[in-house]
Amino acid sequence: MIAFISDIHSNTEALSAVLAVVDQRKVDRLICLGDIIGYGPEPRETLRTVMARCEFSLRGNHEEGALLNASDFNPRARVAIDWTKKQLTPPACQRQESFAFWNYLDKLERSRRDGEMLLVHGSPKDPVREYIVPKDAADRAKMNEWFSLFDGARICFVGHSHVPGVYLESGRYLSPSDVGNSFELDGGEFKGQRAIVNIGSVGQPRDGDTRASFVFFDGKRVHFVRVEYAFEQTMAKIRATGALPEYLAERLANGR
Ligand code: ZN
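Residues numbered from 1 in each chain as written. Predicted model: local features only at pLDDT ≥ 70, side-chain atom pairs only at ≥ 80, totals over all residues. Heavy atoms only, no water.

Engineer: Looking at this model, I keep getting lost on the sheet that holds strand β12 (residues 221–227). Mind explaining?
Structural biologist: Sheet strands line up and pair through hydrogen bonds in the backbone, either parallel or antiparallel. Taken in spatial order, the six strands make up an open sheet running β3-β2-β1-β11-β12-β9, and their pairing is mixed. Edge positions in the sheet fall to β3 (56–57) and β9 (182–184), since each of these pairs with one other strand and no more. Alignment of strand β1 (residues 2–5) against strand β2 (residues 29–32), held across four bridges, turns out to be parallel. Counterpart to Ile5 in the pairing with β2 is Cys32. (Pairing = 2+ DSSP bridges. Helix = DSSP H or I, 4+ residues; strand = E, 2+ residues; numbered from the N terminus.)

So this is what it looks like as structure tokens:
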């Protein structure tokens, strides 16, 4: 059993709640699809946990924004990235730990082929930055291009849009509730079709549901999971920074 998590965004309350559920199951592997940091109030604590617990993480656009430049980020995301960079740099954190953080971020891979799986943060075409959103399912050109880049994989796990669901090769998007929160790769209408699975966001869900989102995959079946967490605490921590935009707190209470 593999647990995939993504888009934690420096939210330790959401991450702890998800890990509590993961730890109740017989999970062989815990893999992060990127955006460990950015937006939220606790980048150091979040990075520490991911570095200790995950087999590996991929590179998200927020890691890339911190490492390179965030000039293409919207203003509120950029404020958060600039603040995050400060938290990962002395004097906010010790020199040795700061070195370990930046070294880890620098080494994050952009994509990974693993057995029947392709793993990226964004899309097969642009593994770090391109969004896949529900309306794209009807865009034949985009879908064809993404599936043409599967490199022999059968299922591609992505994060980035913060909206969970499955995109079938035939051009359909199904939300987790459309499939009863779980589907079998070769079952029913999924038979013989490759799929892109967006696992949603642990730390900043945007599908109108405030609960943290992640998935389990046992090689055949994908389970979409939602976990309640104390987002009021995360909101209070965002406000207490005195630097992160209020909007980043409010959206946790709206799941948008
Ligand atoms: Zn993200």
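Engineer: Mind showing me how you'd approach unusual backbone geometry here?
Structural biologist: Across residues other than glycine, the phi torsion is negative in most instances, and most of the peptide bonds are trans. With omega at 5°, the peptide bond leading from Pro90 into Pro91 counts as cis. Tracing the chain through its elements places Pro91 in the loop between α4 (75–87) and α5 (95–107). Notably, Asp151 is not glycine yet its phi reads approximately 55°, a positive angle. Look at His162: it is not a glycine, yet its phi comes out positive at around 65°. Mapped onto the elements of the fold, His162 is located in the loop between β6 (155–158) and β7 (165–168). The class for His162 is buried, based on a relative accessible area of 1%. (Buried < 20%, exposed > 50% of the residue type's maximum accessible area, 1.4 Å probe, protein only.)

Engineer: It is not clear to me how the pairing of strand β10 (residues 195–198) should be interpreted in this structure. Could you clarify?
Structural biologist: On any regular strand, side chains alternate: one points to one face of the sheet, the next to the other face. Of the two faces of β10, the one lined by Ala195 and Val197 and the one lined by Ile196 and Asn198 are each fully buried. Alignment of β6 against β10, held across four bridges, turns out to be parallel. Bridging across to β10, Cys156 finds its partner in Ile196. Bridge count for β7 against β10 is four bridges, and the pairing is antiparallel. From the neighbouring strand, Tyr167 faces β10, where its bridge partner is Ile196.

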